[in-house]
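Residue-level structure breakdown
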Amino acid sequence: MMVNYKTKIIMAIIFGIALIGAMVFKINAYNKEANQTANDMDKTISQIMKG
């Protein structure tokens, strides 16, 4: 019972680290595109708010 519980925690931690790693890799890989998209969205929202 304890071994199974510990194994689940270890697997959850490994999965969490892998998920965070994948997200960081994605952010680094598409950083420029993401920034450009965010800037475009900000401009569009500003224009809409101004009318």
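Coordinates for the structure precede this section.
**Focus: the overall build of the protein**
Summing up its helical and strand segments, the protein has 2 helices and 0 strands in all. In terms of overall dimensions, the protein is more spread out than a globule: its C-alpha atoms have a radius of gyration of 20 Å, far above the 10 Å expected for 51 residues. Projected onto its principal axes, the C-alpha positions of the protein cover 65 × 25 × 5 Å. Among the 51 residues that make up the protein, the fraction classed as buried is 0%. On the protein, roughly 5,100 Å² of surface is accessible, and the fraction owed to carbon and sulfur atoms is 70%.

**Concerning the environment of phenylalanine 25**
Its location among the elements puts phenylalanine 25 in helix H1 (residues 2-29). Once the C-alpha coordinates of phenylalanine 25 and lysine 43 are considered, the two residues, 18 residues apart in sequence, prove to be 27 Å apart.

**Quick notes on the environment of glutamine 47**
Looking at the element boundaries, glutamine 47 is found in helix H2 (residues 31-50). For the pair glutamine 47 and isoleucine 9, spaced 38 residues apart in the sequence, the C-alpha separation amounts to 49 Å.

**Points about a nonpolar patch on the surface**
A cluster of nonpolar residues, Tyr5, Ile9, Ile13 and Ile17, forms a patch on the protein surface that exposes about 420 Å² of accessible area. Mapped onto the secondary structure, isoleucine 13 falls in helix H1. Since its relative accessible area comes to 47%, isoleucine 13 is described here as partly exposed.

Parameters and conventions
Residues numbered from 1 in each chain as written. Predicted model: local features only at pLDDT ≥ 70, side-chain atom pairs only at ≥ 80, totals over all residues. Heavy atoms only, no water. Helix = DSSP H or I, 4+ residues; strand = E, 2+ residues; numbered from the N terminus. Rg over C-alpha atoms; globule rule 2.2 N^0.38 Å. Buried < 20%, exposed > 50% of the residue type's maximum accessible area, 1.4 Å probe, protein only. Areas by Shrake-Rupley, 256 points an atom, 1.4 Å probe, with all protein chains shown as cover. Patch = residues over 30% accessible without salt bridge, like charges linked within 9 Å, V, L, I, M, F, W, Y side chains within 5 Å. Salt bridge = Lys/Arg side-chain N within 4 Å of Asp/Glu carboxyl O.

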